Structure formats: structure tokens, C-alpha cells
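The chain contents come next:
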Amino acid sequence: MRLRCAVLDDFQGVAAESADWSVIEDQVDVVPLREHLDGEDALAAALADYDIVVTLRERVPFPGSLIARLPRLKLLVASGMRNSVIDYAAAEAHGVTVCGTASSSTPPVELTWALLLGLARGIVQESNALRCDGPWQSTVGADLHGRRLGLLGLGKIGGRVAQVGLAFGMRVSAWSQNLTKERAGEAGVELAASKEELLGDSDFVSVHLALGDRTRGLVGAAELALMKPTAYLVNTSRAAIVDQDALLAALHEGRIAGAGVDVFDVEPLPAGHPMRSAPRLLATPHLGYVSRANYATYYGQAVEDIQAYLAGSPLRRLP
């Protein structure tokens, strides 16, 4: 009996060309699904006849209640080696093997700087004005050289963002609950005395923390109020780290100069959502990890994971 594999959220229609799926075509029918399945009922109905599911990052939750409704599911492949929306205990209880793939930190680093530079120089506003016969020069760009870049988090991604900031001649500082002066020094940046100091002193703040109990809601209304009215906030990490309603209020009231956001409380962002029309906001649809090289890794290693599972020796098992 042939197996069926669903590839979720293939929005761009590139899953098939990003890897060589032909190596499993004798045993598996691969079906890319381009439309997002929203909600457990929709997922349970759409995936009922699939033995294998490939999911990107943490776009689709797999709680125990959903896994229980997918009796045919035997293999779940998630891109990356960390996924907080899969119930691993439930997967094990229902005989579902969960595997991951490698993931590069380079694309989110690059997108962070695309957003930061776009904000600083008013790229979207000026480009739109030029293309629509609008005013010739309507903004005055914010300088990077000599300004302070504050990083919430100095891990793999935050550390590389810091390197770029230093190359621009910025003064870079960082803070997280576990960050030490020694680690900051190794990265060539200053250790901020506190989260409050970092927010208050920085001209640009960029978020690079993992989401957990200690970081959920870490930047709320009180924290945003500490920022300079000329400062910018960038979040390419996790939406729940920054209170979305508080950010919207700060943007509408002009209490910060702007924000660059790639992550949202609800994804895909519904039509008419306030984040789609907020002023002073440069927003992208969760493109942080979306690059040709990363997709080649995700889907290429997903194929490897499926091959290995079929051979009885699963690779890169999670958690």
C-alpha cells in the first residue's frame, strides 16, 4: 500500500522544486498544500488520509487532540530542530515518529537588517512615492553610524546581528536574563545593566530571544514607554515576546518612530487586521527563514527523513 505525504503551507508553490522527491516516489505520493489550514477541525479533515506530514517551522500546531484525530499519521517532519507547538508525548503515545531538519540562522539575520535599514531610510515610503509620481524626497533618514543598537538576546542570531551593527559603526549593547559580561565581551558588545536601560538608551532595538515563560510579553506598554520617540523596534523572533496591542498603540500615538515586524500573534494575518494598516510599521509575512538555501535544506532533509523512516532508521528525531 502506497503512503501519502502532505506538505503544509507551500504558499509559494516551491516545495516540489526545492528537493528531489523522486527518490521516494515509488513508495510515497507527495501532495503540496498551498492554502493554510486554519484550526484543528480543518486540519483533522484535510489530513485524515495522510501517513506523513511535512510542516514548516511552527506555523501549524500539533497538539495531542489533533494527533489523536489522525489515526493514519505515522511520521511528522518539522523544519528545524526545535518546535514548541508539537505535543511530543502525544505523538509517542499514538506511535507517531517526529523528525526535524537543519536550519540556517543566516536568513533571519539578513531579514532583520532589511527591516532595520528599510525603517531607517524610509525605503518603502520613498519608493512608493517615486513610483506613483509623489513627492521627491519626503523623509529624512535616521543614521546608523554612531547610534546605539540594543539587542534583546545575544544568541546565534543576535550575535550575528551584532557583528553587522559593529560593521556599520554602531555602538552595540545587549541584554537577556542569562547574558554575562564575559559573553557580551566575546561578541564585542556592551552588557546593558538592565532591560530598562537597554530600551531607554537605544536608537534601534532588535529582539532575538527564544519564546518561553520568561520572555512572553517581555516588551509591553511599560517597556515601550521607555523607548525614545526617535527609536525603532524590530522583531523577527517571536510575536508573543512583544505585546501586539501595546505596540499598535505606541505606533498610532507616535510614541516610537517605527517598528519592523515579521511575526504576528495570528498567522497568516487575517484580512483587515490592525497590523496590516498600522502607521510607522514595516511588516513582512514571516519571511525570516524563507530563503532558497533554507528551503533546499528543509525539504531536502525532509526527503532524507522520510527515506530513513521507510528504511526503519529514523534520522534527526525530535525532541
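Residues numbered from 1 in each chain as written. Predicted model: local features only at pLDDT ≥ 70, side-chain atom pairs only at ≥ 80, totals over all residues. Heavy atoms only, no water.

1. Re the side chain of Asn83
Structurally, the position occupied by Asn83 is in the loop between strand S4 (75-78) and helix H3 (88-93). For Asn83, a relative accessible area of 5% gives the class buried. One polar contact links the side chain of Asn83 to the main-chain carbonyl oxygen of Arg57, over a distance of 2.7 Å. Within the structure, the side chain of Asn83 is placed 3.0 Å from the backbone nitrogen of Val85, a separation counted as a polar contact. For Asn83, the contacting residues outside a window of four places in its chain are Arg57, Glu58, Ala78 and Tyr88. (Helix = DSSP H or I, 4+ residues; strand = E, 2+ residues; numbered from the N terminus. Buried < 20%, exposed > 50% of the residue type's maximum accessible area, 1.4 Å probe, protein only. Polar contact = N/O pair within 3.5 Å; in protein donor to acceptor, adjacent residues only side chain to side chain. Contact = heavy atoms within 4.5 Å.)

2. What about unusual backbone geometry?
Cis geometry is found at the peptide bond from Glu267 to Pro268, where omega equals -10 degrees. With respect to the helices and strands, the residue Pro268 is situated in the loop between strand S11 (258-261) and strand S12 (281-283). Going from Leu318 to Pro319, the amide bond is cis rather than trans, its omega being 0 degrees. Mapped onto the elements, Pro319 comes out in the segment after helix H11 (292-310). A positive phi angle is found at Asp9, which is not glycine, with a value near 55 degrees. The backbone phi angle of Asp133 is positive, close to 60 degrees, even though this residue is not glycine. Checked against the element boundaries, Asp133 lands in the loop between helix H5 (123-131) and strand S6 (148-152).

3. Some points on the nonpolar core
Ranked by internal contacts, the top residues of the largest apolar core, which has 29 residues, are Leu152, Leu224, Met227, Leu233 and Leu247. Per element, the largest residue contribution to this core is 5 residues, and it comes from helix H10 (residues 244-252). If we ignore the near neighbours within four places in the chain, the residues touching Leu224 are Val219, Leu233, Ala246, Leu247, Ala250 and Ile256. (Core = buried A, V, L, I, M, F, W, Y, C linked by side-chain atoms within 4.5 Å.)

4. Brief notes about H10
Every buried residue of H10 is listed here: Gln244, Ala246, Leu247, Leu248, Ala250 and Leu251. On the buried face of H10, the contacting elements are helix H9 (221-224), strand S10 (232-235), S11 and S12. With a side-chain oxygen positioned 3.1 Å from the backbone nitrogen of Asp245, the residue opening H10 is Asp243. Trailing H10 by a residue or two, Gly254 shows a phi angle of about 70 degrees, which is positive.

5. Focus on the sheet that holds S10
Taken together, the 7 strands give an open sheet; going across it, the order is S8-S7-S6-S9-S10-S11-S12, and neighbouring strands pair in parallel fashion. Whereas interior strands pair on both sides, the edge strands pair on one side only; in this sheet they are strand S8 (190-191) and S12. Two elements, strand S9 (residues 204-207) and S10, share 4 bridges in a ladder whose sense is parallel. Paired with Val207 across the strands is Asn235, a residue of S10. Sitting on the sheet, H10 is in contact with S10, S11 and S12, with an inclination near 140 degrees to S11. (Pairing = 2+ DSSP bridges. Axes fitted to C-alpha atoms, helices over the stretch in contact; angles between N-to-C directions.)

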